[in-house]
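Below are the chains, spelled out letter by letter.
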Amino acid sequence: MESKPRRSGYVPQDIEPKWQKVWAERGVMKADDASPKPKHYNLVMFPYPSGPLHMGHMRNYVIGDLLSRFKRMQGFEVLNPMGWDAFGLPAENDAIKRGGGVHPEVWTRGNIGIAKRQLGIMGVLYDWDREVTTCDPSYYRWTQELFLLFFERGLAHRMMSPVNWCPVDKTVLANEQVINGRCWRHPDVEVEKRDLEQWFLRITDYADRLLDDLDQLEHWPEKVRVMQANWIGRSHGVEVEFPIDGHPRESMRIYTTRPDTLFGVTFMVLAPEHPLVEKLTADSRRTAVREVVEAARKEREIDRMSSEVKRLGAFTGAYAINPLNGEKVPIWVGDYVLITYGTGAIMAVPAHDQRDFDFARQFGLPIREVIVPDGKPQGDLEGAYTGPGVMVDSGEFNGLDSKTGFERVAEFVEKKGIGKRSVKYRLRDWLISRQRYWGCPIPVVHCDVDGIVAVPRSDLPVLLPSEYRPLADNPDFWRTNCPKCGRDARRETDTMDTFIDSSWYFLRYTSAHDNTQPFDPELANHWMAVDQYTGGIEHAILHLLYSRFFQKVLHDAERAEATEPFARLFTQGMIRRGGQVMAKSKGNGVAPDDLVARDGADAARVYEMFIGPPDEDVEWSDSAIAGPVRFLQHVWRLVDSPDSFQVTGSDASADVLRRRAHQAIQKVTEDYEGFHFNTAVAALMEFANTLQAYLVGGGRRDSGWDFALRTLILLLNPMAPHVGEELWSRIGGEGLAADAAWPQFDRAAAAESETTLVIQVAGKVRDRATVPVGTTEAQALAAAMRSDKVRAALDGRGPSKVIYVQDRLINLVP
């Protein structure tokens, strides 16, 4: 490499392109599958290439790069790949906005090129030999093959179902993609309900394992585990059959988690979508019931579940019979009962369920208390009592506590043959059909004779046509022949949800160029599970849950050993600017290009790590990056021009410098491991100040100085790698800083020789003293008694009792 004349001082534009070229030429982040080193699979969630990156995105990628460089220096063989979640609505919607003038693939490929360049100028390194792009046929061929695996195992099925419909994107949404009744991509757009025949994956078959195995994920944020547990929503209860008066062939099957309240049923409620509504409604009640049914279908699900809105309801004219006491109770239709939860029918116990209570009060229905808090009399209720208590007005079960009552009533129901214990889940099968062009085609055909037939694996991939238009409107795509009988057939024209693509990409990275299978099991088993996964909390019950499901299915199919894909998870906070999350759509994004051109990539990296705790949202300040710039200039000056620090003659100690170096090693190592990058920056700044203090104190630049300076450079290197490499080369470091060994911590060398002893009299702090570490009680007492303040507090007398915590505190009792 030709050397250029040095400009004085820290000029990032001079050094950053140089080292980026060196890293690329030497394949610094290229992982060796056969390395004898311990493996570390480090991964950040791959991005949607929907536009250029901004510094809000970069926070995630800088964290990942810092960790990869850190683990390499610690002696690990690091797999740190990158790819592109390239299918999906962002690219297609942009094509629509541009009047069809831009093909989604053209837009996507262009954005990938921009993003790769931006990552490069930020010094973010990946093993680009393993790059995957989900819209490449070489990738989605295997997505289709995995779909067929699910299909063959009975985990992929097609059925008619009420679905969530986004009127903007004109496609269905999975339950997880509906947030407060609105589209996850369009927070101002209300989701509609439609009845469509769609493809689903039976994630519910894995509900128990997905829930129970959360206990294995001890290195995941607790909030993510709680969110997944709540979404799966397992509950234990009893299913009970309520006969219908006058309809001997019909019954209402309800599910309750409170069988101890069965004697408190005063009415029943059917979901408006329940098939019994039409069968049971009396002619005189049809108009009122129909009005409720039609109005409920227009309501958002979140509103139907809310306790803040007025309920819709109508009496059907029919009655159910409570099988425990023979009482006839009216059957209503009500909008607050959902067909998607439980059985779509409920027994209403208004005294002990708040929504039932509100419904009863609104429509003048009776309220009967059957559980009372222990020792408290029955009385008028201002609201539902939902806690435990003692059963009353419950026949032979009177006097039982509610927990015992649960078991005794459940036993009674099962013995009488009118019901059974049951487990229910909030989780529903994963809806994967999308009525869009820019997605992975579903590899099946529809034959009038043979029904749904899988495309043979030898015919994969089913390619997207080059012409951009809906697949259902493209006969050249959907016209085909049945693989089974050879007759005319129709290809499936729905594409897969893009979360399918991202549910297995981490496995493809382990053998990205295998053209015989989705991934090489031997290599996948070597690298998996991912040791560190980093990404946004917004994927807690989307991508993270789906990926766990995929991994378990592949384990059951003997394709993978690991049962969980991600051993450790970190969810970074958002960067805000002007009080809003940084986003291109809000016009508040900060382009890395501009920042690098002005202040350099390393300053931008250090600022993103220093701005605040990485797991919290932080506010961006355009002026605050000046601090990291000054810090890097300071470190540069320590190496490049140490003589520029004027000697003042203050105290200088080689022992202190060595001790501070080892303390910095301990602190920065622990902070990197624990994702406390902001405090790691503070520790590095403090250590740099220690080196300066040593210089101005007249300290010699000998082997002790060299050790401290080398330590500072290597500790800084994962965070500011361009400065790290340049300064490492200037002090004569061997090879690249990226390949250097992480500094070794010596606990004995880091130990302080002196400590501050807090001196109390009768528990009140009176003074402090500097004493040698390891001071005995007798020595500590002598030091305390030399204090005028202590002697005054004791009135000149000696203490009657001494309480001593070595190296920390001594308390003298008068």
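Residues numbered from 1 in each chain as written. Predicted model: local features only at pLDDT ≥ 70, side-chain atom pairs only at ≥ 80, totals over all residues. Heavy atoms only, no water.

Participant: I keep staring at the overall build of the chain and nothing clicks. Help me out?
Facilitator: Along the chain, the regular secondary structure elements total 27 helices and 34 strands. A principal-axis box enclosing the C-alpha atoms of the chain has dimensions of 105 × 85 × 45 Å. A sequence separation of at least 24 residues applies to 72% of the contacts in the chain between residues at least 6 apart. Summed over all atoms, the accessible surface of the chain reaches about 35600 Å², with 48% contributed by carbon and sulfur. (Helix = DSSP H or I, 4+ residues; strand = E, 2+ residues; numbered from the N terminus. Contact = heavy atoms within 4.5 Å. Areas by Shrake-Rupley, 256 points an atom, 1.4 Å probe, with all protein chains shown as cover.)

Participant: How should I be thinking about the side chain of Thr261 in this particular structure?
Facilitator: Topologically, Thr261 is positioned in the loop between β11 (247–256) and β12 (267–270). Residue Thr261 is classed as buried on the basis of its relative accessible area, which comes to 3%. Setting aside residues up to four positions removed in sequence, Thr261 forms contacts with Met347, Val349, His352, Val370 and Ile371. (Buried < 20%, exposed > 50% of the residue type's maximum accessible area, 1.4 Å probe, protein only.)

Participant: Before we go on, may I ask you to explain the environment of Asp303 in this structure?
Facilitator: Tracing the backbone shows Asp303 in helix α10 (residues 301–305). Residue classification places Asp303 among the partly exposed positions, given a relative accessible area of 24%. When the C-alpha atoms of Asp303 and Asn180 are compared, they prove to be 8.5 Å apart, with 123 residues separating the residues in sequence.

Participant: Honestly, helix α17 (residues 543–556) in this entry has me stumped. Any pointers?
Facilitator: Because an α-helix packs 3.6 residues into every turn, residues spaced three or four apart end up facing the same way. The first and last C-alpha atoms of α17 sit 20 Å apart over 14 residues, in line with the 20 Å expected at 1.5 Å per residue. Most of α17 sits out of view: 12 of its 14 residues are buried. Backbone geometry just after α17 places Glu558 at a positive phi near 60°. (Expected span 1.5 Å × (residues − 1).)

Participant: Please explain the pairing of strand β14 (residues 328–334) as it appears in this structure.
Facilitator: Side-chain positions along a regular strand alternate between the two faces of the sheet. Of all 7 residues in β14, 6 are buried, a share of seventy percent or more. As defined by bridge partners, β12 adjoins β14 across 3 bridges and the pair is classed as parallel. Residue pairing in the sheet places Met268 in a bridge with Ile331 of β14. Counted along the chain from strand β13 (residues 313–321) to the antiparallel partner β14, the turn is 6 residues long, and its residue Gly326 has a positive phi close to 75°. (Pairing = 2+ DSSP bridges.)

Participant: What should I look at first to understand the sheet that holds strand β34 (residues 809–813) in this one?
Facilitator: On the basis of which strands lie adjacent, the open sheet formed by 4 strands has the order β32-β31-β34-β33 and mixed pairing. Looking at strand neighbours, the two that pair on one side only are β32 (764–772) and β33 (801–805), the edges of this open sheet. Between one strand and the next, the sheet's axes are offset by a mean angle of 20°, whatever the strand orientation. This element, helix α26 (residues 777–785), spans β31 (754–761), β32, β33 and β34 of the sheet and lies at about 70° to β34. (Axes fitted to C-alpha atoms, helices over the stretch in contact; angles between N-to-C directions.)

Participant: Which parts of the structure should I look at to understand the nonpolar core?
Facilitator: Soluble globular proteins tend to bury their nonpolar side chains together. The biggest cluster of nonpolar side chains holds 177 residues, and the ones touching the most others in it are Trp430, Phe549 and Tyr672. The element contributing the most residues to this core is helix α22 (residues 677–696), with 12 residues. In this structure Phe549 touches Phe150, Leu201, Arg202, Ile203, Tyr206, Leu210 and Trp430, once residues within four positions along its chain are discounted. (Core = buried A, V, L, I, M, F, W, Y, C linked by side-chain atoms within 4.5 Å.)

Participant: Is there a simple way to explain the sheet that holds strand β19 (residues 430–431) in this structure?
Facilitator: Two strands in a sheet stick together by hydrogen bonds in their backbones, pointing the same way (parallel) or opposite ways (antiparallel). Taking strand neighbours across the sheet as the criterion, the 4 strands line up as β6-β5-β9-β19 in an open arrangement whose pairing is antiparallel. One side of each edge strand has no neighbouring strand; the edge strands of this open sheet are β6 (171–173) and β19. By the bridge criterion, 3 bridges tie strand β5 (residues 156–166) to β6 in an arrangement that is antiparallel. Bridging across to β6, Asn164 finds its partner in Leu173.

Participant: Explanation requested: the pairing of β31 in the structure shown.
Facilitator: Within β31, 6 of the 8 residues are buried, which leaves it mostly tucked inside the rest of the structure. As paired elements, β31 and β32 share 8 bridges and run antiparallel to each other. For Val761, the partnering residue across the bridge sits in β32 and is Lys764. Where β31 folds back on β32, the antiparallel hairpin that results is connected by 2 residues, among which Ala762 adopts a positive phi of roughly 55°. Pairing of β31 with β34, which is carried by 4 bridges, proceeds in the parallel orientation. Its bridge partner lying in β34, Gln760 is registered against Asn811.

Participant: I'm lost on unusual backbone geometry in this one. Help?
Facilitator: Trans is the prevailing form of peptide bonds, just as negative phi is the prevailing case for residues other than glycine. Between Leu460 and the following residue, Pro461, the backbone shows a cis peptide bond with an omega angle of 5°. Relative to the helices and strands, Pro461 is located in the loop between β22 (451–454) and α13 (475–478). Here the residue pair Met528 and Ala529 is connected by a cis peptide bond, since its omega of 0° sits within 30 degrees of zero. As for its placement among the helices and strands, Ala529 is situated in the loop between α16 (521–527) and β26 (532–535). Of note in the backbone geometry, Asp393 takes a positive phi value of approximately 50° without being a glycine. Within the element layout of this structure, Asp393 appears in the loop between β17 (390–391) and α12 (402–416). A positive phi angle, near 65°, is found at Phe675, a position not held by glycine. Note on placement: Phe675 falls in the loop between α21 (654–673) and α22. Residue classification places Phe675 among the buried positions, given a relative accessible area of 5%.

Participant: Please clarify how helix α7 (residues 222–232) should be interpreted in this entry.
Facilitator: Along α7, the residues classified as buried are Val224, Arg225, Gln228, Trp231 and Ile232. Looking straight down α7, one finds its buried side chains confined to an arc of 130°; they lie on one side. Gly233 sits one or two positions beyond α7 and adopts a positive phi of about 60°. (Arc of directions from axis to C-beta.)

Participant: Could you clarify how one ought to interpret the pattern of salt bridges in this entry?
Facilitator: A side chain with one charge may pair with a side chain of the opposite charge, provided their charged atoms come close. One pass over the structure, following the stated rule, counts 53 salt bridges. A salt bridge links Arg368 to Glu327, with the shortest nitrogen-to-oxygen separation between them at 3.1 Å. A residue pair is termed long-range when its members are at least 10 positions apart, and Arg368 in the loop between α11 (354–363) and β16 (371–372) and Glu327 in the loop between β13 and β14 qualify at 41 residues. Ionic contacts of the salt-bridge type, sharing partners, join the residues Lys18, Asp640, Glu726 and Arg730 into one network. (Salt bridge = Lys/Arg side-chain N within 4 Å of Asp/Glu carboxyl O.)

Participant: Explanation requested: the packing of aromatic side chains in the structure shown.
Facilitator: Using the criterion set out here, one finds 41 aromatic pairs in the structure. Measuring from centroid to centroid gives 5.0 Å for Phe506 and Phe566, while their planes differ by 70°, and the two rings are edge-to-face. Of this pair, Phe506 sits in helix α15 (residues 505–508) while Phe566 sits in the loop between α17 and β27 (569–571); the two residues are 60 residues apart in sequence, bridging distant segments of the chain. Ring centres 5.9 Å apart and planes at 45° place the aromatic pair Tyr672 and Trp742 in the tilted group. With Tyr672 in helix α21 and Trp742 in the loop between α24 (721–730) and α25 (747–750), this pair connects stretches of sequence that are 70 residues apart. Here Trp742 falls in the buried class, since its relative accessible area comes to 5%. Among the aromatic residues, those joined into a cluster by ring pairs are Phe150, Tyr206, Trp430, Phe499, Tyr546, Phe549 and Phe550. Here the basic side chain of Arg490 rests over the ring of Trp478, its NZ or CZ set 4.0 Å away from the ring centre. (Phe/Tyr/Trp six-rings, centres within 6.5 Å; stacked < 30°, edge-to-face > 60°. Lys NZ or Arg CZ within 6 Å of the ring centre and 35° of its normal.)

Participant: What exactly am I supposed to notice about the environment of Gln362 here?
Facilitator: Mapped onto the fold, Gln362 is located in helix α11. In this structure, the C-alpha to C-alpha distance between Gln362 and Phe242, residues 120 residues apart in sequence, is 24 Å. Not counting the four nearest positions on each side in its chain, Gln362 is found in contact with Lys310 and Arg311. Polar contacts involving the side chain of Gln362 include one to the main-chain carbonyl oxygen of Arg311, which spans 2.8 Å. (Polar contact = N/O pair within 3.5 Å; in protein donor to acceptor, adjacent residues only side chain to side chain.)

Participant: Looking at this structure, how should I read the state of the cysteines?
Facilitator: A covalent bond bridging the sulfur atoms of two cysteines is what the word disulfide describes. Applying the stated criterion across every chain yields a total of 0 disulfides. Among the cysteines around Cys166, which has no disulfide bond, Cys183 carries the closest sulfur, lying 3.8 Å off. Residue Cys166 is classed as buried on the basis of its relative accessible area of 0%. In this model Cys447 remains outside any disulfide bridge; the closest cysteine sulfur is found in Cys485, 3.6 Å from its own. Look at Cys447 and you get buried, because its relative accessible area is 6%. (Disulfide = S-S within 2.5 Å.)

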